[in-house]
Amino acid sequence: MPTVSAHVALTLAQHIDAVFGVMGNGNAYFLDALEKQTDAVFTAVRHEQGAVVAADAHFRASGRIAAGTSTYGAGFTNTITALAEAVQAHVPLVLVVGDEPTSGPRPWDVDQIALASAVGARTYTVGRADAAATTVIAIEHALTYRVPVVLAIPYDVAALEAGDVPEAPSPRLPAPLAPRGEFAEGMLDEIAEALRGAQRPFLLAGRGAWLSGASAALGELAAATGALTASSALGRGVFPESQYDLGVTGGFGADGAMELIRSADVAVVFGASLNQFTMRFGELFAPGTRVFQIDTAPAATHAHVGGFVRADARLAAEALVARLSPAPTSSPSSPSSPHDFGDSPRHAEADLGSTGVSSPDSEVVQATGQTRAGAWRESVDVAAARAYAPGDELAADGRLDPRSAARRIAELLPEDRVVVSDGGHFIGWANMYWPVAAPDRMMMVGTAFQSIGQGWPSVVGAALARRDSTIVLTSGDGGGLMAIADLESAVRAAAGRGMAVVWNDAAYGAEVNLYGLKGLAEGPMRIPEVDFAAFGAAVGAEGVVVRTLADLDRLATWAAEDATTRPFLLLDLRISGDVIAPYQQEIIRVNS
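Conventions adopted
- Residues numbered from 1 in each chain as written.
- Predicted model: local features only at pLDDT ≥ 70, side-chain atom pairs only at ≥ 80, totals over all residues.
- Heavy atoms only, no water.
- Pairing = 2+ DSSP bridges.
- Helix = DSSP H or I, 4+ residues; strand = E, 2+ residues; numbered from the N terminus.
- Axes fitted to C-alpha atoms, helices over the stretch in contact; angles between N-to-C directions.
- Buried < 20%, exposed > 50% of the residue type's maximum accessible area, 1.4 Å probe, protein only.
- Contact = heavy atoms within 4.5 Å.
- Phe/Tyr/Trp six-rings, centres within 6.5 Å; stacked < 30°, edge-to-face > 60°.
- Lys NZ or Arg CZ within 6 Å of the ring centre and 35° of its normal.

**Student:** Any details on the sheet that holds strand β10 (residues 266-270)? Residues and values, ideally.
**Tutor:** Spatially, β9-β8-β7-β10-β11-β12 is the arrangement adopted by the six strands of the open sheet, whose pairing is parallel. With one partner strand each, in any of the chains shown, β9 (245-248) and β12 (307-310) form the two edges of the open sheet. Neighbour-to-neighbour, the strand axes of this sheet turn through a mean angle of 15°, independent of strand direction. Looking at chain direction, strand β7 (residues 201-205) and β10 are connected through five bridges and run parallel. The residue of β10 that forms the bridge with P201 is V266.

Now the structure itself:
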């Protein structure tokens, strides 16, 4: 007869096809049932944190929910940092864990429900009679609220016979949040009017816009208004017309692009939280810019927002496109559309007066209900505005300049790449120099919770989610060492479809930049230079120490080889710590 653990495994496998974890006493029966009785794919990692990280990266890369699993006690506590990251990043996943017996805790048990709650994750505990239903409820909660959930199996319940697995309903998913009420509709009218009258319209989108499927609608809106566009770090590639896109905002943005954004007179933000980094610590927009935000958050998320609509990004973008569409042709005696530019005195007063600009350029030049669509974006050199400093081959200290290395790597990387990033000072280089095709092809696991050491297991989840893509890890030496157990997992899971770039400056670079410059003792901030190439070779990868740009030629030949026969490639870049990323210089300035 099926056990309680089998009920969990069989029900979970109806909705989740990828499970990552470490086997132990608390989840042994669950993994046995998963392996023998389902088609779900289990991938072992070497540290329990990696189970959650891999499931997190799997969702970010594919949009499909995955699961992690660990035993109770020490196994569960090892997952907490990654669980906190998934909560902060709004990533749905299910963590299946063993738990203390129903009779009470043993000496090695901890209050797992309290620990999960402390980082924002809810726990569902299964019983003998309700394991299947509870599993569905847990999945539904994760998908509805975009958070990780813990599904706990008490130790004395795990192997109990529970009868045939009942048919459980599919998880319900909420409908996209539509704009509701006269205030929301009125604000959409106001945004449309502002965009009509804007001389320099700008659209900003984040990961929320991508998750809502807003890309096509945002492209239509940008075309209708002639807006320049940009994205948050997690939303890159969301706008379909890259020739008018200024790239990433904030500290990862190019100076020229940020100057153009600051000159915008109207800005509309879709599905981006407007955190301090995206907003350049409050300096992204000029004081005269009218800023509107559309988000599913309960209220505007930055003080500079002057108008807010709570709604799904796609639905709101489509509503704005409809408002800005050409009005039907009517006879001279027929009333014009209330949304046509010039019909509302409120519009002219609000839009021209708000920027302090009075110009003939603001007049409509087409009888289509649109402004001079494209006038601003056609007049600027977007490619030049997006340009970053090229860097030198070697920095003053004789080590590799990370800017020139990043540029050269970008020229050689396979086009089908999915980039996964650990946390640390080095995150600036990939975010600035390595373009990606869509938001699900660049993920930063760890940055929401400001943690490092989640890079290697991110490769595992992304590799399972995108089986036809090349997975590229960017990591520092500090985070790379912290998660080194799952270097083996990454090499095993991705094989020839995987590679890693380790920015090796023999230091915790962010700490050196922030605190070493203040005169604090640097001994704790330094790391003896580690041979990551040798680490890679030890677990079946090909490791290459890179001291000059010429050493990157191996990446060119590797990219041309058959992915089914080539090895996982690990590039150990011996970079200079003296070259500080612009985003870090911004943080130093704010904190100095």
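Moving on, there is more to tell.
**Student:** Talk me through helix α1 (residues 4-12); I want residue IDs and the actual numbers.
**Tutor:** Counting buried residues in α1 gives eight out of nine residues, a clear majority hidden from the surface. Of the positions making up α1, those classed as buried are V4, S5, A6, H7, V8, A9, T11 and L12. Considering only its buried residues, α1 is in contact with β1 (18-21), α2 (28-37), β3 (67-70), β4 (93-99), α7 (131-145) and β6 (148-154).

**Student:** Kindly report on the packing of aromatic side chains, identifying the contributing residues and their values.
**Tutor:** Summed over the entire model, instances satisfying the criterion amount to seven aromatic pairs. Consider the rings of W434 and W503, whose centres lie 6.2 Å apart with planes at 35°: the pair is tilted. Here W434 is found in the loop between α17 (427-433) and β14 (442-444), whereas its partner W503 is found in strand β16 (residues 498-504), with 69 residues between them in sequence. Using a relative accessible area of 1% as the deciding quantity, one classes W503 as buried. Above the ring of Y244, the side-chain terminus of R377 is found at 3.8 Å from the ring centroid. Its guanidinium or amino end placed over the ring of W558, R566 lies 3.7 Å from that ring's centre, counting from NZ or CZ.

So far we have only geometry, and geometry alone does not tell us how the molecule works.
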